[in-house]
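Descriptive analysis of the structure
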Amino acid sequence: MKWSETFIPTLREAPSDAEFTSHHLLLRAGYIRQLGAGIYSYLPLAQRVIQRITRIIREEMDRIGGQEFYLPALHPAEIWKESGRWEIMGENMFRLRDRYQRDLCLGMTHEEVFTTIIRDAVRSYKELPQIWYQIQVKFRDEPRPKSGLLRVRQFLMKDSYSFDVDWNGLDRSYQKHHQAYCSIFERCGLKYIAIQAHSGAMGGTGSEEFVVRSEAGEDLVVFCSTCGYAANREKASTRASRVVDTAQDLEPELVHTPGQKTIAQLCEFLRIEPTHQMKSVVYMADGKPVLVLVRGDCEVNEAKLESALGTQEFRPAHPDEIRQFFGADPGSLGPYQLSGVKILADHSLRGRKNLVSGANRDDYHYKNLTPGEDFRPEYFDLRNAESGDPCSLCGKPVEVFRAMEVGHIFKLGLKYSESMSAYVLNEAGRRIPLVMGSYGIGLERIVCAAIELYADNDGIVWPQSIAPFDVVISQVNSNDEEQTRVSADLYSKLKDSGAEVIWDDRNERPGVKFKDADLIGIPYRITVGNKIKHGKVEIFQRAQRTQHEVEIGAALVTLSEMRGGHGIRSSSSPQS
RNA sequence: CGGGGCGUAGCGCAGCCUGGUAGCGCACCUGCCUUGGGCGCAGGGGGUCGGCGGUUCAAAUCCGCCCGCCCCGACCA
């Protein structure tokens, strides 16, 4: 393509709304425009990137036997009511009514639709397994869209679903996806890691997230560089650091602690460490109060709490509820001599002695509380893993970092097949529910991750495999006939070789062309300028910012060598 | 939903406090000039000042309501 005929509206200054690198650069380099909160238009450059990612995904999904569908985004309410998700999805689902007042929604995922297809069409175990996928727009009424393309209300997802006759089959389908995902992210040039993920309340027996380390991400990853343990912090368990208690077992002692509400204040006032305190947090679960205890230096992890409680119906208690059940305000709460309130404690408190906690009386605390003696909690893993905690596998300190989720694979199990009656007959002629898996990839997340990973001060640096163009020919002077001739010749030869190439033929100053080429992030630039008088052009590598002068006739060969011989290829390998 | 901020030309902003018929930079158009890192000179076009209502002789400016967007928090199959 000729640049002069292509819509690439680059900006010298980005709209002030852009916070993160990827958002800022996508806007400034002319890839996207915002239409509303969390709604973006993808301009030709972005569309090209998306298409290349799509192609990689298709190839890898097809390789594991996936079959591509295209499903509706507009769904009748009935199927969502059938699965129970019409209620569960709550405010997150876009809902609408048609002219006859029928309820409809915009699809968030497509378990329901695929399940209706398979339940009506497949009767026998002989027709399984199946892996079905699609690349489709998804809708989510995010409470707070943000960070450009990272958290939006309409986005592209490759979602696939596996249908097996048994759990071993599911394991195989899941493993296939795992492999496919590794290939996809590797080919897209991402440095990714696969981490254990929170299964959530949707049921299911296992799930992994594929994430890319980035400050722009919203996930927290607990990672052990020694043994490779990696998990989402929603799920990650680590050992709490060791604490030594005083040897003797003392009797509970009420102490007056006027105005001392926080862990830090008590440390000061009583001259103790946070690790010798118990933090009391109150939740209302299914309408009843629950006291959650963690060590003073720890935080409650609500995803783990959800598992411990076995319900999604919980929330932090309101101040008046706390007063009602405890007779004191937050800051003076504790488990001792508490009745009518269920007590959950984190494992880190098991076996501890002589701890400090609130007395359920304002301005008073108890010293010398011993879990298991002075009160009897149920123990669970309830605390957030923290950077520096000993790894639960190898004991070496873990690190915690931010990352963005680019994919998620999930063993669903029987949830949809049972609720939506998707059964087949097995060899014995018995009616059995399909065992399902679901697997997602966020296309825009790949775009953002690549930008966040590799961008520099001059703009985007694309991995070769997903760049909108492989190479740009920057003709320094568009009025120079000799330069035009050389550029045209290189252009057609490059195109013939199968490369995606754009020829910057604009009547602009060279500086403008170089800045734009850098900004939009094309991996290679061939500069056709004065040096053609000596039979030379230059090849500039965007990522390394290095320049090579080559004979015009050798340009294609040199470029092809630099690119590793062929077009679709990632520039880096996975981190894990 | 709670807290904060913003809305003036395509983009970035000033003007608002103290009311008087809207401005700067970039971009854009024309001409000249120039062509190796966002040139130079000259001329020019473009804005119902987010919307509605109120106060006033007069509103971008003051007041009220609404809408939109951004950030923090809550939330996030």
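The rules behind each value
- Residues numbered from 1 in each chain as written.
- Chains lettered and ligands numbered in written order.
- Predicted model: local features only at pLDDT ≥ 70, side-chain atom pairs only at ≥ 80, totals over all residues.
- Heavy atoms only, no water.
- Buried < 20%, exposed > 50% of the residue type's maximum accessible area, 1.4 Å probe, protein only.
- Helix = DSSP H or I, 4+ residues; strand = E, 2+ residues; numbered from the N terminus.
- Contact = heavy atoms within 4.5 Å.
- Salt bridge = Lys/Arg side-chain N within 4 Å of Asp/Glu carboxyl O.
- Pairing = 2+ DSSP bridges.
- Axes fitted to C-alpha atoms, helices over the stretch in contact; angles between N-to-C directions.

Some words on helix α1 (residues 21-28)
Most of α1 sits out of view: six of its eight residues are buried. Among the residues making up α1, those that are buried are S22, H23, L25, L26, L27 and R28. Tucked inside the fold, the buried residues of α1 contact β1 (32-36), β2 (39-42), α11 (443-454) and α13 (510-520). With its phi angle positive at about 80 degrees, G30 sits one or two positions after the end of α1.

Observations concerning the pattern of salt bridges
Applying the stated criterion across every chain yields a total of 43 salt bridges. Across the pair R315 and E321 runs a salt bridge whose closest N-O atoms are separated by 2.8 Å. Judged by its relative accessible area of 15%, E321 falls in the buried class. In the salt-bridge network here, residues are joined through shared partners; they are R55, E59, E60, R63 and R187.

Considerations on the sheet that holds strand β28 (residues 536-541)
If you trace the five strands from one edge of the open sheet to the other, you get β26-β25-β27-β28-β29, paired in mixed fashion. Where the open sheet ends on each side, the last strands, each with one partner, are β26 (501-504) and β29 (546-551). The sheet shows a mean angle of 20 degrees between the axes of neighbouring strands, taken without regard to direction. Judged from the five bridges that link them, strand β25 (residues 471-475) and strand β27 (residues 524-528) form a sheet pairing that is parallel. Looking at the pairing, I473 lines up with I526 of β27. Against the sheet, α13 engages β25, β26, β27 and β28, with an angle of about 170 degrees to β27.

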